[in-house]
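Each chain, written out:
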Amino acid sequence: MLKTKIHTRELSHCIYNASGVYCCSENDLNLLNNYNVNVGAVLSKSCTLQSRVGNPEPRYWDCDELSINSSGLPNLGYDFYNNYSYKYNFSNYNKPFILSIAGLTEQDNLYMIENLNQNYIDGIELNMSCPNIKGKSQTGYDFESTEDLIRKASEILDSKYSKDFIFGVKLPPYFDEIHFNTVSEIINNSSVNAITCINSLGNGLVVDTDSESTVIKPKNGFGGIGGSVIKPIALSNVHTFYKLTQCSIIGCGGISTGKDAFEHILCGASAVQIGTQFYKEKHSCFRRIETELKQIMKEKNYTSLDDFKGKLSYLT
Ligand code: RRO
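Cut-off values and rules
Residues numbered from 1 in each chain as written. Predicted model: local features only at pLDDT ≥ 70, side-chain atom pairs only at ≥ 80, totals over all residues. Heavy atoms only, no water. Axes fitted to C-alpha atoms, helices over the stretch in contact; angles between N-to-C directions. Helix = DSSP H or I, 4+ residues; strand = E, 2+ residues; numbered from the N terminus. Parallel < 35°, antiparallel > 145°, perpendicular 65-115°, else oblique. Left-handed = near helix turned anticlockwise from the far one by under 90°. Contact = heavy atoms within 4.5 Å. Near = heavy atom within 4 Å. Polar contact = N/O pair within 3.5 Å; in protein donor to acceptor, adjacent residues only side chain to side chain. Areas by Shrake-Rupley, 256 points an atom, 1.4 Å probe, with all protein chains shown as cover. Salt bridge = Lys/Arg side-chain N within 4 Å of Asp/Glu carboxyl O. Buried < 20%, exposed > 50% of the residue type's maximum accessible area, 1.4 Å probe, protein only. Core = buried A, V, L, I, M, F, W, Y, C linked by side-chain atoms within 4.5 Å. Pairing = 2+ DSSP bridges. Lys, Arg positive; Asp, Glu negative; His and termini not counted.

*Asks:* Break down the packing of helix 4 (residues 143-160) against helix 5 (residues 177-188) for me, citing the residues and quoting the values.
*Replies:* Two elements in contact, helix 4 and helix 5, have axes whose closest approach is 10 Å; the angle formed by their N-to-C orientations is 20°. When the axis of helix 4 is compared with that of helix 5, the two are roughly parallel. The two elements helix 4 and helix 5 cross, and the hand of that crossing is right-handed. Taking contact as the criterion, the partners of Phe143, Thr146, Glu147 and Ile150 in helix 4 are, on helix 5, His179, Thr182, Val183, Ile186 and Ile187.

*Asks:* Report on the site of the ligand, specifying residues and quantitative values.
*Replies:* Around the ligand, the neighbouring residues are Lys45, Asn69, Ser71, Gly72, Leu73, Pro74, Asn127, Cys130, Pro131, Asn132, Asn199 and Ser200. A distance of 2.8 Å is found between an oxygen atom of the ligand and a backbone nitrogen or oxygen belonging to Gly72. Residue Leu73 places a main-chain N or O atom 2.8 Å away from an oxygen atom belonging to the ligand. Protein chains bury 92% of the 310 Å² of accessible surface belonging to the ligand in isolation.

*Asks:* Would you mind going over the pattern of salt bridges in detail, with residue names and values included?
*Replies:* As enumerated under the stated definition, the model contains 13 salt bridges in all. Where Arg151 meets Asp148, a salt bridge forms, and the shortest distance between an N and an O atom there is 2.7 Å. Placement of the pair is Arg151 and Asp148 together in helix 4, with a separation of three residues, close to one helical turn. Of the charged contacts in the structure, one is a salt bridge between Glu263 and Lys231, with a shortest N-O distance of 2.8 Å. Taken as a pair, Glu263 in helix 7 (residues 258-266) and Lys231 in helix 6 (residues 231-244) lie far apart in primary sequence, 32 residues in all. Note on accessibility: Glu263 and Lys231 belong to one class, buried. Residues joined by salt bridges that share partners form a network here, namely Glu106, Glu147, Asp148, Arg151, Lys152 and Glu155.

*Asks:* Can you lay out the nonpolar core for me, pointing to particular residues and giving the numbers?
*Replies:* Of all hydrophobic cores here, the largest spans 84 residues; its most connected members are Tyr16, Leu116, Val169, Ile187, Ile195, Phe241 and Phe286. Sequence-distant contacts of Leu116, that is, excluding residues within four places in its chain, are made with Tyr78, Asn82, Leu99, Ile101, Ile121, Ile124, Tyr161 and Phe165.

*Asks:* I'd like to hear about the sheet that holds strand 7 (residues 97-101), residue by residue, with values.
*Replies:* What the eight strands build is an open sheet, ordered 3-16-15-10-9-8-7-4; its pairing is parallel. Two strands bound the open sheet, and with one partner strand each, they are strand 3 (15-17) and strand 4 (42-43). Across five bridges, strand 8 (residues 123-127) lies against strand 9 (residues 166-171) in parallel orientation. Note on strand 9: the bridge partner recorded for Asn127 is Lys170. Across the sheet, helix 6 lies against strand 9, strand 10 (194-197), strand 15 (248-252) and strand 16 (269-274), angled at about 180° from strand 15, the strand it touches most.

*Asks:* Before we move on, can you summarise the side chain of Asp28 with the specific residues and values?
*Replies:* Inspection of the secondary structure assignment puts Asp28 in helix 1 (residues 26-33). No salt bridge is formed by the buried Asp28. Its closest oppositely charged neighbour is Lys282, at 9.6 Å. A polar atom in the side chain of Asp28 sits 3.0 Å from the backbone nitrogen of Cys24. What Asp28 contacts, discounting residues up to four positions off in sequence, is Tyr22 and Cys23.

Keep in mind that these numbers describe shape and distance, not what the molecule does.
Below is the structure:
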């Protein structure tokens, strides 16, 4: 009932983890891979060429409606994730393994894309939107750099990898029609075949009234906002890129129930990722959200995602 495709790759379930949450260590990835955990794919923590410890703690905080993080890209380094897939031969589990890449420079990104262990990795999610590195802006907000990186990455992917390889990009939220059009045009002139919308809303600030203080330590409390409050922005980005490109859209942002997942799919998502809610609820969130989504589909007599994917109607 919930099977789907990202590009040409089949997924048995349309729900999986967002990069960043419980997908950093070997143990994290093994758990996601466990057959008891209902995820349609396994996505790694965004990696850099060298391992990183990330920003000082506390660097994550949440309440009912939102989360704020400034993790600062803690990860075990590219070689670990690239070799992990080989070690565990993910194809045995029938969960595609997608490697999230967030190089600190364009050169690092291109090196990592060039050297993927392609027999064991089903695709990449090129993270163009980490908001938490001091002094480094989000690539996705710099359209020249975005165009340059996507063009060079496309050349490598076209020449070295199979046509079925997932070339995904993870975008920051956009808020302006001109920006949607510009980024869509860059993507439509490239080999990108999947888009994850959206990363956290960068540089938010949560304040604690009692202590009159910030709630996280790095960057004077500024961090990426996730959770329910960002769902309307996520939905508009999903729907816009669904309309303006041919890519598979992966919805991310504010999904904590089957109803949220339904809304993302209705707006055009082929699959959805769970971030903040996965952090709060751990692995049981996947089965629960799946059950809730199936229930809504049953009530509406839908038997597959194609019955409603992208079919949002507009008030006239
Ligand atoms: O590690 C992080 O601080 C982080 C990353 Br790479 C990202 O893409 N989005 C986010 O909210 N945090």
